[in-house]
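In case you want the letters, here they are:
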Amino acid sequence: MGGWVVDHRRSLTLRILFWGTPAYAVPTLTALVEAGHCIVGVVTQPDRRRGRGKQLMPSPVKARALELNLPVFTPERIKSDQACKDQLAALAADASVVVAFGQILPKDVLEQPPLGCWNGHGSLLPRWRGAGPIQWSILEGDAETGVGVMAMEEGLDTGPVLIEERIPIGLLETAHDLGQRLSQLTATLMVNAMPLIEAAGPGSEPERMKRLKVRNQSEPSSYARMLNKDDFVLDWSSSALAIHRKVMGLFPGAVTTWRGKRLKIIRTEPLITRLQDQLSAEARSLVGRWDTGAHPAGKILQCIDDLGLVVSSSGCPLLIREAQLEGKSRSTAPALIQQLGARAGDQLGGGANTTQSSV
């Protein structure tokens, strides 16, 4: 190990500069504080206008940081904000922790803390580098995902991985549900990583990585690109499983049309025989009732008062359990059926504007 010796007398309380923006990052910030680390500052995106009233609102991380009485920094673009970079350098952090900050950190920022910059990333790297790993893991039908604590470098999520943990993805799990599980796992792993990072001590990047016995990423990788409004539109000629994955992965924004109005499809179950052990008991009772692919795509096959709408696809049908009609509230059966005035033989999709809506 090149003469390096761990000094076990050193404190496990680190001076940490935290970078994060969405609700996903809040559990990690809270966990680091509860673990006794000194958060010298919190860097987050500037306040944005949100909601129907377009009021200026702080990020979830900023709101939590203010509750914890932590200093907050909100650079519009950290790369070009030298004054902010100088302020952050003056905080003399031992390490930076980054969880879904939303900006790429430049080299001079990455090199500031002597113990490095560490990112909690919601995928099993190199699977799904980029901004939307949770959504894409569901959209592409991954059986599992996880969290990696990665040493940051200038490339996009290309750094070596210190620790990681895998979790299965449930068939009926939405991106929101999965994100909550991963956010808690990120918090746990980041707290677990801090003693390792502290014990490795400062030094050159190669030396520190050797001491930490990190795993370098291999190729190929997948890029979790930013989603656009066309991604949210459901194609009923796809398979029931592909439609279901889009509903779960883009929760709660997948859209179709109903009699000229936008209809958000919020929760579904694919009525597929080989997956029936993963369905709800109610949905399992419906599997096999209809001939596969024998009906026009998007046709309502049955309205079931206590379950929802059974709709045809290119193969097995799909059960819609929750939806939201434009201008209405989210509804489940029987309210959904009554709200739509739906009957067997009616058609979903086609012939209207199906771009993403705020309903």
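In what follows, the structure referred to is the one given above.
Heads up: these notes are all about the structure in this document. (Residues numbered from 1 in each chain as written. Predicted model: local features only at pLDDT ≥ 70, side-chain atom pairs only at ≥ 80, totals over all residues. Heavy atoms only, no water.)

1. Structural notes on the pairing of strand S2 (residues 38-43)
Here is step 1 of the chain: Counting buried residues in S2 gives five out of six residues, a clear majority hidden from the surface.
Here is step 2 of the chain: Note that strand S1 (residues 15-20) and S2 share five bridges and pair parallel. The residue bridging Trp-19 from the neighbouring strand is Val-43, located in S2.
Here is step 3 of the chain: Regarding the hand of the β-α-β motif, the stretch spanning S1, helix H1 (residues 26-34) and S2 is right-handed.
Here is step 4 of the chain: Note that S2 and strand S5 (residues 72-73) share two bridges and pair parallel. Across the sheet, the residue bridging to Val-42 is Val-72, located in S5. (Buried < 20%, exposed > 50% of the residue type's maximum accessible area, 1.4 Å probe, protein only. Helix = DSSP H or I, 4+ residues; strand = E, 2+ residues; numbered from the N terminus. Pairing = 2+ DSSP bridges. Right-handed = clockwise from strand over helix to strand, strands pointing away.)

2. Re unusual backbone geometry
Here is step 1 of the chain: Residue Pro-126 follows Leu-125 across a cis peptide bond; omega there is 10°.
Here is step 2 of the chain: Looking at the secondary structure, you find Pro-126 in the loop between strand S7 (117-121) and strand S8 (129-130).
Here is step 3 of the chain: Each neighbour pair has its own omega, and for Ala-333 with Pro-334 the value is 5°, a cis peptide bond.
Here is step 4 of the chain: When you line up the elements, Pro-334 lands in the loop between strand S17 (331-332) and helix H10 (335-340).
Here is step 5 of the chain: If you check the backbone angles, Asp-157 has positive phi at about 55° while not being a glycine.
Here is step 6 of the chain: Mapped onto the fold, Asp-157 is located in the loop between strand S9 (144-151) and strand S10 (161-168).
Here is step 7 of the chain: Relative accessible area serves as the criterion here: at 12%, Asp-157 is assigned to the buried category.
Here is step 8 of the chain: In this model, Arg-259 sits at a positive phi of 50°, which is unusual for a non-glycine residue.

3. Here's the deal with the nonpolar core
Nonpolar side chains tend toward joint burial in soluble globular proteins.
Here is step 1 of the chain: Residues Phe-18, Trp-118 and Ile-320 are the most contacted members of the largest nonpolar core, which totals 63 residues.
Here is step 2 of the chain: At ten residues, the largest contribution of residues to this core is made by helix H6 (residues 175-200).
Here is step 3 of the chain: The next biggest cluster of nonpolar side chains, apart from the first, holds 20 residues, and it includes Leu-17, Cys-84, Leu-88 and Ala-93. (Core = buried A, V, L, I, M, F, W, Y, C linked by side-chain atoms within 4.5 Å.)

4. Focus: the packing of H1 against H6
Here is step 1 of the chain: Interaxial distance between H1 and H6 falls to 8 Å at its minimum, and their mutual angle equals 35°. H6 is crossed by H1, and the crossing has right-handed handedness. Side by side, H1 and H6 meet where Pro-27, Thr-28, Ala-31 and Leu-32 of the first sit next to Ser-183, Gln-184, Thr-186, Ala-187, Met-190, Val-191 and Met-194 of the second.
Here is step 2 of the chain: Residue composition of the contact of H1 with H6, grouped by class: seven nonpolar, four polar and no charged. (Axes fitted to C-alpha atoms, helices over the stretch in contact; angles between N-to-C directions. Left-handed = near helix turned anticlockwise from the far one by under 90°. Contact = heavy atoms within 4.5 Å. Nonpolar A, V, L, I, M, F, W, Y, C, P; charged D, E, K, R; others polar.)

5. A short note on the environment of Asp-231
Here is step 1 of the chain: Take Asp-231: it is sitting in the loop between strand S11 (223-224) and helix H8 (240-249).
Here is step 2 of the chain: By relative accessible area, which is 13% here, Asp-231 ends up buried.
Here is step 3 of the chain: Separated by 115 residues in sequence, Asp-231 and Asp-346 have C-alpha atoms that sit 24 Å apart.
Here is step 4 of the chain: The contact partners of Asp-231, leaving out residues within four places of it in the chain, are Arg-225, Met-226, Lys-246 and Leu-250.

6. Some thoughts on the state of the cysteines
Here is step 1 of the chain: Counted by the stated rule, this structure contains zero disulfides.
Here is step 2 of the chain: Here Cys-38 stays unpaired: no disulfide links it, and the sulfur of Cys-117, its closest cysteine neighbor, is 17 Å away.
Here is step 3 of the chain: Taking relative accessible area as the criterion, Cys-38 reaches 33% and is therefore assigned partly exposed.
Here is step 4 of the chain: In this structure Cys-84 is not part of a disulfide, and its nearest cysteine sulfur, from Cys-117, lies 13 Å away. (Disulfide = S-S within 2.5 Å.)

7. Section: a nonpolar patch on the surface
Here is step 1 of the chain: On the surface, Ile-104, Leu-156 and Tyr-223 cluster together into a nonpolar patch covering about 340 Å² of accessible area.
Here is step 2 of the chain: One can find Leu-156 in the loop between S9 and S10. (Patch = residues over 30% accessible without salt bridge, like charges linked within 9 Å, V, L, I, M, F, W, Y side chains within 5 Å. Areas by Shrake-Rupley, 256 points an atom, 1.4 Å probe, with all protein chains shown as cover. Salt bridge = Lys/Arg side-chain N within 4 Å of Asp/Glu carboxyl O.)

8. Description of the pairing of strand S13 (residues 261-270)
Here is step 1 of the chain: Burial analysis of S13 places eight of its ten residues in the buried class, the great majority of the element.
Here is step 2 of the chain: The sheet contact formed by S13 and strand S16 (residues 318-325) spans seven bridges and is antiparallel. Opposite Thr-268, over in S16, you have Ile-320 as the bridge partner.

9. Looking at the sheet that holds strand S6 (residues 95-99)
Here is step 1 of the chain: With respect to topology, seven strands assemble into an open sheet ordered S5-S2-S1-S6-S7-S9-S10, the strand pairing being mixed. Because the sheet does not close on itself, it has two edges, and the strands there are S5 and S10.

10. Examining the packing of H1 against helix H2 (residues 60-67)
Pairs of packed helices are described in terms of their axes, by the angle between the two and the distance that separates them.
Here is step 1 of the chain: Taken N-terminus to C-terminus, the directions of H1 and H2 make an angle of 25°; their axes are 9 Å apart at the nearest point. With respect to each other, H1 and H2 are oriented roughly parallel. The element H1 and its partner H2 pack so that their crossing is right-handed. The segment H1 lies against H2, with Val-26, Leu-29 and Thr-30 engaging Pro-60, Val-61, Arg-64 and Ala-65.
Here is step 2 of the chain: Its residues assigned to classes, the contact of H1 with H2 shows five nonpolar, one polar and one charged. (Parallel < 35°, antiparallel > 145°, perpendicular 65-115°, else oblique.)

Just distances and angles here, no functional claims.
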